[in-house]
Amino acid sequence: MRESFALAEPHVCYQWTATLGRKGLCDTLLTNVQCTSDPRMSTDHVWVFWSMPGKEGDTVTFYATVAPYTKGYLGEKSDIISKIEGDYKLDYIDRKSVV
């Protein structure tokens, strides 16, 4: 869980820097994620649902809000065992640029 993201004020847009990791069709892994608006908020990685020009290893800056979500399998299949817990994600990502 990204406990430091709990420090974020609701609906406030923060500036972030991160390193581009693996890129999927519609999602991207960001590593070494650091909030430049509030240095107390950081995480080693986060998946975000947007794609961005650039290659793996590039440093990116962007603005985003922090939002809580529930992770784990919430479906009806009884054979899938998954721990359900709360976590935080980066949402409403805007003003993306490669440094």
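Residues numbered from 1 in each chain as written. Predicted model: local features only at pLDDT ≥ 70, side-chain atom pairs only at ≥ 80, totals over all residues. Heavy atoms only, no water.

*Asks:* Teacher, can you tell me more about the sheet that holds strand β2 (residues 28–35) here?
*Replies:* Sheet strands line up and pair through hydrogen bonds in the backbone, either parallel or antiparallel. Taken in spatial order, the five strands line up as β3-β2-β1-β4-β5 in an open sheet, and their pairing is antiparallel. With partners counted over all chains shown, the strands left at the sheet margins are β3 (42–48) and β5 (85–98), one partner each. Neighbour to neighbour, the strand axes of the sheet diverge by 45 degrees on average, direction disregarded. Where strand β1 (residues 14–23) lies against β2, five bridges are found, and the strand directions are antiparallel. Counted as the bridge partner of Thr19 is Thr31 from β2. (Pairing = 2+ DSSP bridges. Helix = DSSP H or I, 4+ residues; strand = E, 2+ residues; numbered from the N terminus. Axes fitted to C-alpha atoms, helices over the stretch in contact; angles between N-to-C directions.)

*Asks:* Sorry, what's going on with the side chain of Thr43 here?
*Replies:* With respect to the helices and strands, the residue Thr43 is situated in strand β3. Judged by relative accessible area, Thr43 falls into the buried class, the value being 13%. Engagement of the side chain of Thr43 in a polar contact is seen with the backbone oxygen of His45, the distance being 3.4 Å. (Buried < 20%, exposed > 50% of the residue type's maximum accessible area, 1.4 Å probe, protein only. Polar contact = N/O pair within 3.5 Å; in protein donor to acceptor, adjacent residues only side chain to side chain.)

*Asks:* Help me understand unusual backbone geometry in this model?
*Replies:* The bulk of non-glycine residues show a negative phi, and the bulk of peptide bonds are trans. Within the chain, Tyr92 stands out as a residue other than glycine whose phi angle is a positive 50 degrees. Looking at the secondary structure, you find Tyr92 in strand β5. You can call Tyr92 exposed: its relative accessible area is 65%. Its identity as a non-glycine residue notwithstanding, Arg95 has a phi of 50 degrees, on the positive side. Topologically, Arg95 is positioned in strand β5.

Just geometry here; none of it tells us what the structure is for.
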